[in-house]
Structures are given as structure tokens and as C-alpha cells.
Amino acid sequence: MSEMPEESLNESIDQRLEKITTKALTAIEQANDLDALEACRVAYLGSKGAFTQIMQLLRTVPKEDKPRIGALVNEQKKKIEDRLEESKAVLYEAHLSAKLSSESIDVTAPGRRVPLGHEHPLSQIRQEIISIFYSMGFSTVDGPEIETDYYNFDSLNTPANHPARDEQDTFYTNLGPHVLLRSQTSTVQVRVMEKTKPPIRVIAPGRVYRNEEVNARKYPLFHQVEGLLIDKDVTFGQLKGTLQAFIKALFKKDLNIRFRPDFFPFTEPSAELDSQCPFCQGKGCRTCGNRGWLELLGCGMVDPNVLKEAGIDPEIYSGFAFGMGLERLAMLKYDINDIRHFYTNDLRFLEQF
Amino acid sequence: MKLSFDWLSEFVDLEGLSAAQVAEKLTMGAFEVEEVTPVGAEITGPLVLGEILEINPHPNASKIRLTKTRVAPGAEPLEIVCGAANIEVGHRIAVALDGACVVNRHDGSKLEIKISTIRGVKSNGMLCSAAELGIATDDTTGEGIYILNDLTGDRPLGTDIRDILDLKNDYILHVEPRSNRGDALCVAGLAREVAALFNRKLKTQTHGLDEFGKALDQNLTGQIKAQSQADECPYFSLRTINGIKIGKSPAYIAKRLEAMGLRTVNNVVDITNYVMHELGQPLHAYDLEKITGNTLTARFAREGEKITTLDGKERSLTPEVLVIADGDTAVGIAGIMGSKDSEISQQSSSIVLEAAAFDQATVRKGSRLLGLSSDASLRFERGVDRVQTAIASERACYLIAKHCAGDDAQLAIGDLQQAGDNKAQSKTVDLRLKQIDRILGISLDSQKIEALLTPLGFGVQDLGQQSGQATLRVSIPSFRQSDITREIDLIEEICRLNGYDKIAAIMPSASMPAEAADTFVSRVKKTLTSSGLSEAWLSSLVPENEPGIDHDRVVSVLNPLSKDHQLLRQSLIPGLLKAVAYNQDRGRKDVWMFEAGRVYERVPSASSQQAASQAQGNLKGHTGSRERQLIAAAVTGEKSRGLEAPLKPDYYLTKGLVENLLEHNDINLAKIAFRRVSDLYPWLHPHRAALVTLNRPAKPKKLDKAISQSDIQRQDPSPYDHLDENITLGYVGEVHPRYKDQVGLRDNAWVFELDLAKLELERKPGKFKEIPNTPEVLRDLTCDFENQETEHQAVCAVIIKAGGPHLKTADLVSVFKSDRLSLTYRMTFQNPAETLTNDQVESSIQSIRKDLSDKLKATFRA
């Protein structure tokens, strides 16, 4: 290296070592960035550096001096290395902090998002209902929407000329006088019981049809979830327990509910499950028609005639069934005031869920 | 039905109960009360009988006068200002004093009376008009004061007017009718329920005809005899009444009928309606003079027999309809409506009163066939207690004799003419006590059951042990014999009388493993929502002119209320595109939507018969139709991505959505091929659409003779020609510009539609393969084609086939069109066993080049 002066030949190795070390330490002191520091390291400790060259002089040292000189070399080298490390750590921190502050950004500017879509609220509540019942051991089954009057009515203890047939304005089809669009998911009850031996625990979500004018509360098609549990010793008390647990899980709170007697041809006893109106806390408002209560779902003990129709002995087995309107529950849960929102598919609606 | 609280109180002791309390109890006792509404405005005192002693002019006004009115015997008269012109000294009138509430005659609202100063003179109350008292009169202006001299008799001044005029507040309970409880569609029936639910006493009714002793004439000449020729009319009764004067109904009857929303007609017709609402038995009155012969007969109609019903419509009858006929003509449709020709008119002086029992199903069928229903048919359809028929007849006869007798005292009441019998049948149902516990989860002893059932007319007899089980024999009252026929019916009755709230809620004991539902569909939906598409739920009922419908396969609705809901859809796309247009019309540009939903089709008759025979006579579930679940999407408009360039939809983005959907749901894209299609649906661009198929040749369709015949006969191509192919999973494409204009889309749109069941069959969850340690080798290859129509899929297939076992992927990375088509592929080679040599890779590329030039006439640049 160039700073290796010729006259140094006359100096002792000790002196030269001292000198180089002093020079090196000064250079390190003066290096004010990492690049300069690296240059220092190369200039003194690099393979062609000043210190490396002087080491080669060790060969000329008399044998008895070698241990002492060797120790001295190592000591001086360590001194330089330590100082390099110290300085590097300081300079690295300084470098980082300069770099970091130069990298400052507006952290409040908008994120760059992968566009996301929204699942329909009816899909969401449907999935939620399925999961809740799944946790209680209910499997999900399916049935056709185009149905025979046998499964829609006759098998459900609703023979021809039964007034209850009138109350569900049924759509009939071009496929024959007995083929209709199901007016209730209860059609699945006997279909399941024919195929499966008790114990049975199923729910059947699906689309149903009623021939009604469109308004804020009614649409000619809507969705229900049917439930059916058949086993030995199934009681009305268990029906109450199951549905209470369900309502609590769906609305995530203890709604004040009541079981009110009602009539359905295919259950006996039958009940309507009402919840205290959450909009007025039971005081009476427009949503609940001043009743203070809102109908949530219909339920009851499976009528022995239905069990017999499906080939199940009502003296051995009993069961309960229930049916709920998805739209109704969704309207309640999300505070939606018009059923038509569900089928208009306005993105300003869908994107709220 | 509408139940008057006041009327109810005539039948059951309601002392101390409010309308709201009764409503609540009925609701929890299976008769839901939807609403309780007050009748008219509420009128409160002090409202007293007064007498006008003096009438003087008002010192400061010309149109109003100042009266001195006495409102208590011997009291100082009060000065009251009055504007009405009809008052005279000596008139007895209703005086509303300070604090009273009456009806505002201008708008029916509540009017509170206060002592006030009118034009400088203090007025101590108000003299009331009829309208202000909530009474309907002939005075249409409502201005005249209601003069009570004829109505008050010798009642002293100061008497509460509400007692004199029967102005008690009433409430209407809107009770939801129960389809199996015809017996409770009347005041008396609901009174029975109220009595049982509150444990109150029923009031006994007395309305003996003895009161008219001298008018009763068993052998009245010209009285009409009753005859029934049909089992569907098991009891038929008639009573002839002469000397009637048709006029207005007494006020209390008119008031009650009006409160229930019924139109008043005349005294006789109103009384038949009144008794029907009171006792539940429909009645009908004929004008005797309009009846030919001396007998009325219940019989089935002759085919084509005509009748003009009370509503003025001529109706043609069929033999399913039961009628009431005189000598030769139908004068009424049994249990539904009388004829216009035999109607009671102002001139009628003799009537025939019919009270009968008609079969539920027959009335229902007739009502349906004729599209005609009435308050009477509503009741017969739900079942009417035949035992009560004669009682109702007598009650109506009593009221008619009392309120409709003519002035000349010629009232004559004939004997009850009867056909068939109306005697109570004895019916019992046995109830095993254990069954109550088994079904309800609550145990009740026989005393408790007896206490619950007896108030409703049931009789309970303890049979002790029967076949080892404690059993009760319950006798069913006549009016409940149609809805209580089985043990379970009694259990329900006990359950509701005891209270549903008395049953403790518990969880079902054992649990069982459940199958999770729809995991595939849910996952598909997740794939699409995470690609920026929102989910729509569309109507499956579509208009008659829905595009793309194959009318040979369509399922249609025979009785749609609206033209918009006439057919069952065969594709989700038209609905989705309508939803897209709807959103665009509201200013939304990026509309990316999907739906997972069903489509419906009629299955060709031959295979449907086959299906039916396969089901071995299981015709009860055979509909001759098929439902498939599809996933479909429509995308239009750029999706903004904040500061980054927006995502712009086109055919390839949409195809990419399909590919992502497949791959994310375990369907290997190597199994899939896209095949150009130009004639599938009217909404597809003929040159920018492809079928999504399995990458293998289609199997020939299994056609039986009948179907191939019908296919040959068919002129129009059907989308099912493609969709029925076993390898077709669906399609993807750009929306046809014509279709876009027709449905009013504001921007280009792209769609896809896939069959979820077919997709699910192709799912194959991956298995782990060892990760190779050897390096991958990348090579780019640009091939030029003179044929501009050369398709990527064909080129890629050749490359894959020729590339040998170590070619891992071949991705199209650039497309350039000039006089020729240039496609550049980036290929990766890898041998998991050892590092590939350059020579090995080069030799693969050579064979790729050779096959491309042999098969597709590709050329390569140096």
C-alpha cells in the first residue's frame, strides 16, 4: 500500500506496528459513513492491507522474539477490529435512521385492496342457521321445489278439501293436476321419513312459493327452513328447549320468547314461537302491529297421521317439526323493512352485509 | 272474526276484566287476537239529560243563541251557548258538561268540553248533536241538536245519557279464525273459551217463543215443508213467518253489525246475520211469495242449471253443487248464498227462515267451483254444530217476531218443519294418562284433566287400568266432534288449557352425528366473493316472454297472479343481466354479480315414464321435471383498486374467474377444455363464447326411440342440445350486443354459467407429491401461424403432448398479431430424479417444434 514509507525499514517492528495501528484508528475515527469504514477495513485488514503486509515481516523476526511480536500483532489487530465493529454499529444506526426518515409515507392514504364481493344476507343467515342446527346434531337435506300434492298436502294430514289448502295459495303447473310448486318446506318431512329410519334429525332449507301479490311483506316466492326430529320419547318440552337454544344462538342474546298455541294440520299440539318485539320492547309499534310480539316460526309435535303415512309407528316414536321463514328472520336480525330488497339485488343493499 | 267485547259480555261474566286482558288470554289459548280496536270515539261524562228552559239571543252575535238549561232536578239552570237552529223551549237534550269528551262532528276525533267564553258570554257546556254522541241519524249536516223527548220517558234530568242511549264503550277484538274450529267463529263459541280460560260462568240465554203465544200456529196454512234428498244435508229446517214488516233494524243490532264492519240491509236479513255471528249458525230467509209450491228441497244441482245469486251474478251449476230448490228452480246454493229471485224486499210480508246443516266438504267444493264464498260458507266449511241448528232458528224467529212484526198484528209463526235429524251423537275418545307425559313431557293426574276439560263441555270418566294403562274416557260435546276425534287431539286440548308455558324446556337427550351441508356450494360462493363478485338471489319465476326458453321443456304456472311470474326459469343469466341493468340505471358502473340457484325443466315424456316405472309405482313423488343447481355470474364495468390501475373485465377475465373457480374447488384444469360455441343462447356473442367441457370426446347420448323422434321433429335448436352433453359443464362468453341493447345494459358485460352437480362430480382433492430438489429449466418458444384462427388450446395441447415427461408447464406469455399470429410460450422443464441436461431440454423442444409445424403449420424464427 502507498502509505508504507521506505524509511520504515529502519524502524523496529514494534514501532511500525504502533504507527499503523494509530493511523488505522485515526482513519476509522474519520470515516463518517459505512462505505468509508469499509474502505478503512480493506486498507488495513484487507488481504492487501497495511496490517497484512506487516505480518509478512514476521518471518524476518528472530525466533526468540516471535512469541512476543506475535502477541503484539494480535493485540494491535484486535484493537483495530474492535474499533471497526464499534464504529460500524454506530454508523449503521445512523445510516438506518437517515434511511427510515427518508422513507416516511402517508400511512392514512387508502389501502390498495383486492376487490371483495358480498354474500347475500339470506345466504348468510341460512348458513348461520345450518351451523347452529349442525352443532345440535341436525343434518341438512334437500327436496324438490316442483312437488306433488301428495308431499305438499296429503302426506301432511291435509287431504283434499281441507280448508288449510286454501290458506296457502298454491301455484299449480302444466305438469299435471297433482304437480305444484311447493308451498312449504314441510314437503321434505315425509320424503325423509320414507328414506331414513329413526332416529332422524334433519333440517331442510329451501325455496317455497305462494300465489300472492307482491308487497312490502309478501313475495310470491320466499325461503323456509324446515326442521324434523324423530326418536323415542321426544316431547314438546324438548321442542321448546331446542328452539330456545336456536333463537339464543341466532340472535346472540336472550330474547323474551313465548310459545303460543296455533294450528297446523301436520303437527299436534302446534305452536307459534313469538319473540317480544325488539323494536319497541313489547310496548307495541308499527313493526309488530301494536301486538308487542313478533311471530318467528311455527312448530309442533308431528301428528301421528304423518308418522303413519311415512311408515313409522307413532306408538313407538314421536317427534317434533318446525318451520321458519328465512326472510322473516333476516328482516328481524338486520332490521330490514321491505322483503322486496332481497330480490331487487341492488348492490347498495347487498354491500351492507 | 271480529268479536264485540260488549256482545261477549252478554254470554259470559266479564266483571272486572278489560278487553286487553281477554285478548291476551284468548291469544295464549289458541285464538290469536291480532288487534283490539275501540268502537267509535270514546265518550265520557259528565254527559247528562237536560231541559231547555229559555232561549235568548246572544248579545254579541246573530247566529248563535244563549240558552238556560237545567241539568238536574230543581237545580239552577246553566247558561249554555248554542248555534243550532232546531232547539225549542221544552226540548230534552244531551248536555256535555265541563270535562266531558264527545265526538268532534267535523272529523270524528275526540272533543273535550270545557267551560269557555264565546263572544263575551260564558258557556257552561255544550248541547250535543247526534253526531257528537257518535249516533248515526238522518241529519246529514250533523248540525241539529239531538232531541230526546221521545226517548227518555220519565227519566229525571241529570241522568247519564250513556245509559239512556246505550253509549257504552265497546271494543272489537280481531280474532284470527282457526280452520279446525268452526264452533268458535261466533260470540257464543268464544264466550265458552273465555269462560274456560278465566274459569268464569257462562250466562244462560232465554228467548222463548212462548212470548208470542197467540201468534204461534202449528198448522199455519201455506207454510213451507222441508225435504232433503242428499246425505250432504243431514238436517234441514224451515219456519214460515207471516205478518212481517220490512224496515230498519233496531239500533242495537245495527250498531253491532256495523261495528263488525257488516253492511246493514233490513231488519230480517240483519237478524239472520246477527244470529249467525252470535251462535255460529248460518241462516237464510226467503220471501214466501216468491217460492213456488209448498216444499223446499235440498238436492244436488242439475248439470247446467242456472241461478242468479244475491250478488246479481248468473251462475251455471254442476252436479257437485248442493242447492235448495222449490218446485222446479234452485232458490239458493246450499250454505253459500241465496238467489236474487227469492230475496227479501221492502214489500215482503211473509218469510221462510232456513236453518240447516250442510256437509263441510260439499260446501267447500261448491264454493271453490263457483268462486263464491260468504260468511255462511266460511262457517259451514269449518263445521257447524248441527245440534244448535234449531236453537239458532228459534233465536232468529224470536228476534224477527219481536222487531219485525207488522203494525196490523197479523204476526203468525208456523211450526218448525224439519227433515233429517239434528240430535247429538255420543262420541268418546280414550286417553291414556301416560301419553300426555310421553308427548308433552309433563304429567297430569285425572283430577287435573277433568278440571281442564269440563268447562268446555267435555265429560270425563275414569276407566282405571285398561291394557295396563291408566285411561280416561272423554265424551266429546257435539260442537267439538269434528276437531276432536283422536287421543292426540285431546292431548293438544289439555296442553293449551293447561298453558304451553307450564311445560319446561329441555334439550333432546341423545345427540347424533350430523352431515355438514352444501360445503361445495359455500366454497364456490367464497371463491367468487373473494374475486369481487356479490351474490344475488333472483326470482325463479320469470315472465312469459323470458328469452332463451325452450318451450318444449318449460314448466309453467297455470294460475299466476302476475305476468312476471309465469314460467320457471331455465337459466340464471337473464335475471342476472336484469339486475345488472337495474344497478347501472342507478349510476353504478362496476356490477359484478353471481347467483347459485336452481333451474327447472320438464323432462321429455318418454324418459319421464321410464323414471316413473323405475320408481316402481312410486307415482306419489313423480313430477316429470328436473331441477339443477347452477352457478352463474355477470360482470361489467371496471373495478377500481384505489391508486392502482382498475381491473377491467373482458372475456379473458371472465374465463379466468371460471378457471379460478374450478381450480379453487379441486377440479384439475388439465381436465377442462373450452370449445367455441355460437348458437347456445341469444345473450351470447357468437364469436366470443365457449362451452366449458371436459377435455374428452362426448359420449353419444343414450337416446331412447321416443326422444330421438321428438328431437328429429324439433325445428328450433335448443340450448339443451349442448347442455345435455355429458361433458358440458357450462359456458362463458361476452353478452351479445343485440341482447345488451334489448335489456338496456349501458356497458358490455360478460357471463358464465356452470352446472354445480356436474362440477362436483369432477372434484378430486389433491394428494401430496414430493417437492423436487432438482432445478427447473425455463425456455421461451415463439411460434408463428399463418392461420390467424389458430387457437391457443390446440397449440398448447400439441406442446404438452410433444414435450415429453419432463415438461411441467407451458404458459402463453405473449400474443402478437400482424400478417401472422405469433404466440410465445414459456415452458418449464424439470426431472425430479436428476438435473436435466441442456441436450435433454433441447431434444424436447425439437420434438415440440416438429409436431407444431407438422400439425399446425407453425414456423419458427431463428
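What you see is a predicted model; the values in this text were computed from it and never measured. (Residues numbered from 1 in each chain as written. Chains lettered and ligands numbered in written order. Predicted model: local features only at pLDDT ≥ 70, side-chain atom pairs only at ≥ 80, totals over all residues. Heavy atoms only, no water.)

J.: Just to check I follow, could you spell out the nonpolar core for this structure?
T.: Side chains of nonpolar character tend, in soluble globular proteins, to be buried together. Ile129, Phe246, Leu297 and Phe322 of chain A together with Leu26, Leu173 and Leu577 of chain B are the most contacted members of the largest nonpolar core, which totals 178 residues. Broken down by element, this core gets its largest block of residues, 8 residues, from helix H4 (residues 187-198) of chain B. Apart from residues lying up to four places away in sequence, Leu577 of chain B is in contact with Ala634, Trp683, Val735, Tyr739, Leu745, Ala749 and Val751 of chain B. Listed in part, the 32 residues of the second largest apolar core include Ala298, Leu317, Met337 and Leu370 of chain B. (Core = buried A, V, L, I, M, F, W, Y, C linked by side-chain atoms within 4.5 Å. Buried < 20%, exposed > 50% of the residue type's maximum accessible area, 1.4 Å probe, protein only. Helix = DSSP H or I, 4+ residues; strand = E, 2+ residues; numbered from the N terminus. Contact = heavy atoms within 4.5 Å.)

J.: So what exactly am I meant to see when it comes to the confidence of the model for chain A here?
T.: Caution is warranted with low-pLDDT regions, since their predicted coordinates should not be read in detail. For chain A, the average pLDDT comes to 89, and 96% of its residues sit at 70 or higher. Throughout residues 1-8 of chain A the model reports pLDDT below 50, and contacts reaching past four residues in sequence, or to other chains, amount to 11 contacts. (pLDDT = per-residue confidence, 0-100.)

J.: Explain the side chain of Ser350 of chain B here, please?
T.: Residue position: Ser350 of chain B is located in the loop between strand S21 (337-338) and strand S22 (351-357). Only 2.8 Å separates the side chain of Ser350 of chain B from the side chain of Asn242 of chain B, close enough to count as a polar contact. (Polar contact = N/O pair within 3.5 Å; in protein donor to acceptor, adjacent residues only side chain to side chain.)

J.: Looking at this structure, how should I read the packing of aromatic side chains?
T.: Given two aromatic rings, their pairing is described by the distance between the two centres and the angle made by the two planes. Taken as a whole and assessed by the stated rule, the structure comprises 21 aromatic pairs over all chains. Taking 5.1 Å as the distance between ring centres and 70 degrees as the angle between the ring planes, the aromatic pair formed by Phe236 of chain A and Tyr500 of chain B counts as edge-to-face. Separated into two different chains, Phe236 of chain A in helix H9 (residues 236-251) and Tyr500 of chain B in the loop between helix H12 (487-498) and helix H13 (519-529) make up a pair that spans both. What makes Phe236 of chain A buried here is its relative accessible area of 0%. (Phe/Tyr/Trp six-rings, centres within 6.5 Å; stacked < 30°, edge-to-face > 60°.)

J.: Just checking my understanding: could you explain the sheet that holds strand S11 (residues 125-127) of chain B for this structure?
T.: Neighbouring strands of a sheet are bound in pairs by backbone hydrogen bonds; such pairs are parallel or else antiparallel. Residue and element names in this part refer to chain B. If you walk across this open sheet you meet the 5 strands as S5-S4-S3-S6-S11, and the pairing is antiparallel. In the strand order of this sheet, the two ends are held by strand S5 (78-82) and S11, each with one partner. Sheet twist, expressed as the average angle between the axes of neighbouring strands with direction ignored, equals 45 degrees. Inspection of the sheet shows strand S4 (residues 65-70) paired to S5 by 5 bridges, in the antiparallel sense. Bridging from a neighbouring strand, Arg65 pairs with Cys82 of S5. (Pairing = 2+ DSSP bridges. Axes fitted to C-alpha atoms, helices over the stretch in contact; angles between N-to-C directions.)

J.: Which parts of the structure should I look at to understand helix H2 (residues 34-45) of chain A?
T.: The periodicity of an α-helix, 3.6 residues per turn, causes residues three or four places apart in sequence to face the same way. Residues and elements named next belong to chain A. Taking 1.5 Å of rise per residue, the 12 residues of H2 would be expected to cover 16 Å, and the 16 Å separating its terminal C-alpha atoms lies within 8% of that figure. Listed in full, the buried residues belonging to H2 are Leu37, Cys40, Ala43, Tyr44 and Leu45. Within H2, the buried residues cover an arc of 155 degrees as seen down the axis, which keeps them to one side. Packed against the buried residues of H2 are helix H1 (13-30), helix H3 (50-56) and helix H4 (66-102). A distance of 3.1 Å separates the backbone nitrogen of Asp35 from a side-chain oxygen at the start of H2, and that oxygen is part of Asp33. (Expected span 1.5 Å × (residues − 1). Arc of directions from axis to C-beta.)

J.: Looking at this model, I keep getting lost on helix H14 (residues 573-585) of chain B. Mind explaining?
T.: Here H14 of chain B is 13 residues long and its end C-alpha atoms lie 18 Å apart, about the 18 Å a rise of 1.5 Å per residue gives. For H14 of chain B, the set of buried residues is Ile573, Pro574, Leu576, Leu577, Ala579, Val580, Ala581, Asn583 and Gln584 of chain B. Considering only its buried residues, H14 of chain B is in contact with helix H13 (347-350) of chain A together with strand S31 (591-602), strand S32 (625-636), strand S37 (728-735), helix H19 (737-742) and strand S38 (750-755) of chain B. Gly587 of chain B lies just past H14 of chain B and shows a positive phi near 90 degrees.

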